[in-house]
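Commentary on secondary and tertiary structure
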Amino acid sequence: MLVSPPVQNVPDDVLREIFLQCLPEHRLLIDILPSKAPVLLTHVCRRWRHVALEFVGLWTSLELTSQKQKMLEDSNLRALAEVLKRFKKAPACLQVIVYPSDNVGVNILNSLLVPFTASLTSLVLSRVPISQVHALPSGLFPVLEKLVICVNPAEFCQSTGRFEQPIVAFENAPVLRRVAINNLFTILPDMGTPRLPWHQLTHFIEADFDTDSHPFLTEFLPQCVALRWLHIILLDGNCGQPFKESWANEPVRSMQNLQCLTLNFWGTYMGTFGYPNFLDNFKFPGLCSLRLEGSDLNFDDRNACDPEEVDRFIHKLEHEFQLEYLSVCHSPIPRPTLERLFRATPHVTTLDAQIYNNYANFFETLTIGQDPSQHILPQLKTLTLELSISIALDNGKGETIDPDHFADFLESRM
């Protein structure tokens, strides 16, 4: 008499939960390789295959890459399209990634995207030829909430002058709220600049290291009346006195809803700080969160920082922003610069810091002394340390945090 293995007695609903636990923790990293879940689960037995194929939750968040899935071949495109049908009508997330070395000779989006746009809530297009994105018609994305477009700069330059109209695929996406985009904002209107529902966006990442963000700041940002979170990469042309004249004829605008701002200086020479000129033409009355990213930050280094620009920036922090959250991702930072930065933001309750090799200065600055008038960040309640990028970890030896400095800091705050 044959006895069924115990696993065959597991109810379908329990089996579905087990299947979910087999997926990667980060759901946008789920691919469809035969050696990994969810496809692997369909190869165990007939029952598992049936349960897995009927369980929409296994297939609604997928990553398709040109090399892993060989999706640049017509036969594989058809097979991948069959897999995507497992979305059915459930809300779905899709990443389509083309490797830089791959030459795209087929239309990926017609097969992998167009038939399924009605159910997509999140879409990532990485290095997909801009001509294919440009060819998508308007009105395809009724439930799309999140959009990421990463363009291959070399391919984009080759496309210059080929488009008489902008990208329109996402202009009528009624629930689109979060967008990250690179290399699509230029001063020439015929180079594929996308039309987006700017008035309804709440989160936006401008991630262009190659093109001055001035056109975005002057033409598109004023349309973002609902924007709450903005990340912008600043180039040399966006910072400092030599480029201030480009803003001379621009009106002063108020972004009433903006709460969180990230100023990324890695687009400037050596990633050094410069005063972002657009701050003089935009008011952010509700701003409560600021993140600064770049290389070393030294307000006293006159070769890197103009004293007048530093004063203007500190004045903004002190008199126009009521920051509750501050994130500092510059390193190293001398103690006088840290003190000046922290004294300008006394209402901060949460401090996030990336201290690559700046441990002593950081904790000594935050250690409270006997004189109450000298207290730094007196309302600080939460400290988050980004130690994934650390000189100690890079070297594979040493302490990431000096125990003595850390102990003095903790004791002074208790």
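Look up a bit, the structure's there.
Below is a short write-up of the structure.

What counts and how
- Residues numbered from 1 in each chain as written.
- Predicted model: local features only at pLDDT ≥ 70, side-chain atom pairs only at ≥ 80, totals over all residues.
- Heavy atoms only, no water.
- Helix = DSSP H or I, 4+ residues; strand = E, 2+ residues; numbered from the N terminus.
- Buried < 20%, exposed > 50% of the residue type's maximum accessible area, 1.4 Å probe, protein only.
- Contact = heavy atoms within 4.5 Å.
- Pairing = 2+ DSSP bridges.
- Axes fitted to C-alpha atoms, helices over the stretch in contact; angles between N-to-C directions.
- Phe/Tyr/Trp six-rings, centres within 6.5 Å; stacked < 30°, edge-to-face > 60°.
- Parallel < 35°, antiparallel > 145°, perpendicular 65-115°, else oblique.
- Left-handed = near helix turned anticlockwise from the far one by under 90°.
- Nonpolar A, V, L, I, M, F, W, Y, C, P; charged D, E, K, R; others polar.

Turning to the overall build of the chain, a few remarks are in order. In terms of helices and strands, the chain carries twelve helices and 14 strands. Split into buried and exposed, the 414 residues of the chain put 48% on the buried side. Counting contacts in the chain only where the partners sit at least 6 residues apart, residues at least 24 apart contribute 78% of the total.

This part covers unusual backbone geometry. The omega torsion across A37 and P38 is 10 degrees, close enough to zero to call that bond cis. Relative to the elements of secondary structure, P38 occurs in the loop between helix 1 (12–21) and helix 2 (46–54). Its identity is not glycine, yet K88 carries a phi of approximately 55 degrees, on the positive side. Even without a glycine there, the phi angle at M270 is positive, about 65 degrees. In this structure, M270 sits in the loop between strand 9 (260–267) and strand 10 (282–283).

A separate point is the sheet that holds strand 13 (residues 350–353). Pairing is parallel across the open sheet formed by twelve strands, whose spatial order is 1-2-3-4-5-6-7-9-11-12-13-14. The open sheet terminates on both sides in strands that have one partner only, identified here as strand 1 (61–65) and strand 14 (382–385). Here the average twist between neighbouring strands, direction ignored, is 10 degrees. Looking at chain direction, strand 4 (residues 146–150) and strand 5 (residues 178–181) are connected through four bridges and run parallel. Note that in strand 5 the partner of I149 across the bridge is I181.

What follows deals with the side chain of T365. Mapped onto the fold, T365 is located in helix 10 (residues 359–366). Exposure remark for T365: the relative accessible area of 2% places this residue in the buried category. With sequence-adjacent residues up to four places away left out, T365 is seen in contact with R335, L338, E339, F342 and I376.

Moving on: the packing of aromatic side chains. A full pass over the atoms with the stated rule returns 17 aromatic pairs. Both rings, one in F204 and one in F216, keep their centres 5.1 Å apart while their planes meet at 20 degrees; by these two values the pair is stacked. Taken together, the residues F204 in strand 6 (residues 203–206) and F216 in helix 7 (residues 214–220) connect sequence positions twelve residues apart. Residue classification places F204 among the buried residues on the basis of a relative accessible area of 0%. Arranged with centres 5.5 Å apart and planes meeting at 55 degrees, the rings of F363 and F409 form a pair that is tilted. Here F363 is found in helix 10, whereas its partner F409 is found in helix 12 (residues 403–413), with 46 residues between them in sequence. Both residues of the pair, F363 and F409, count as buried.

It is worth spelling out the environment of L62 at this point. Of note, L62 is situated in strand 1. Note on L62: relative accessible area 0%, which makes it buried. A sequence separation of 34 residues divides L62 from V96, and the C-alpha atoms of the two residues are 8.7 Å apart.

This paragraph deals with the packing of helix 10 against helix 12. The axes of two packed helices give the description: the angle between them and the distance between them. Between helix 10 and helix 12, the least distance of the axes is 9 Å, while the angle of their chain directions is 15 degrees. Taken together, the axes of helix 10 and helix 12 are roughly parallel relative to one another. The crossing of helix 10 and helix 12 is left-handed. The residues of helix 12 that touch helix 10, namely those facing A360, F363, E364 and L366, are H405, F406, F409, S412 and R413. By residue class, the composition of the contact of helix 10 with helix 12 is five nonpolar, two polar and two charged.

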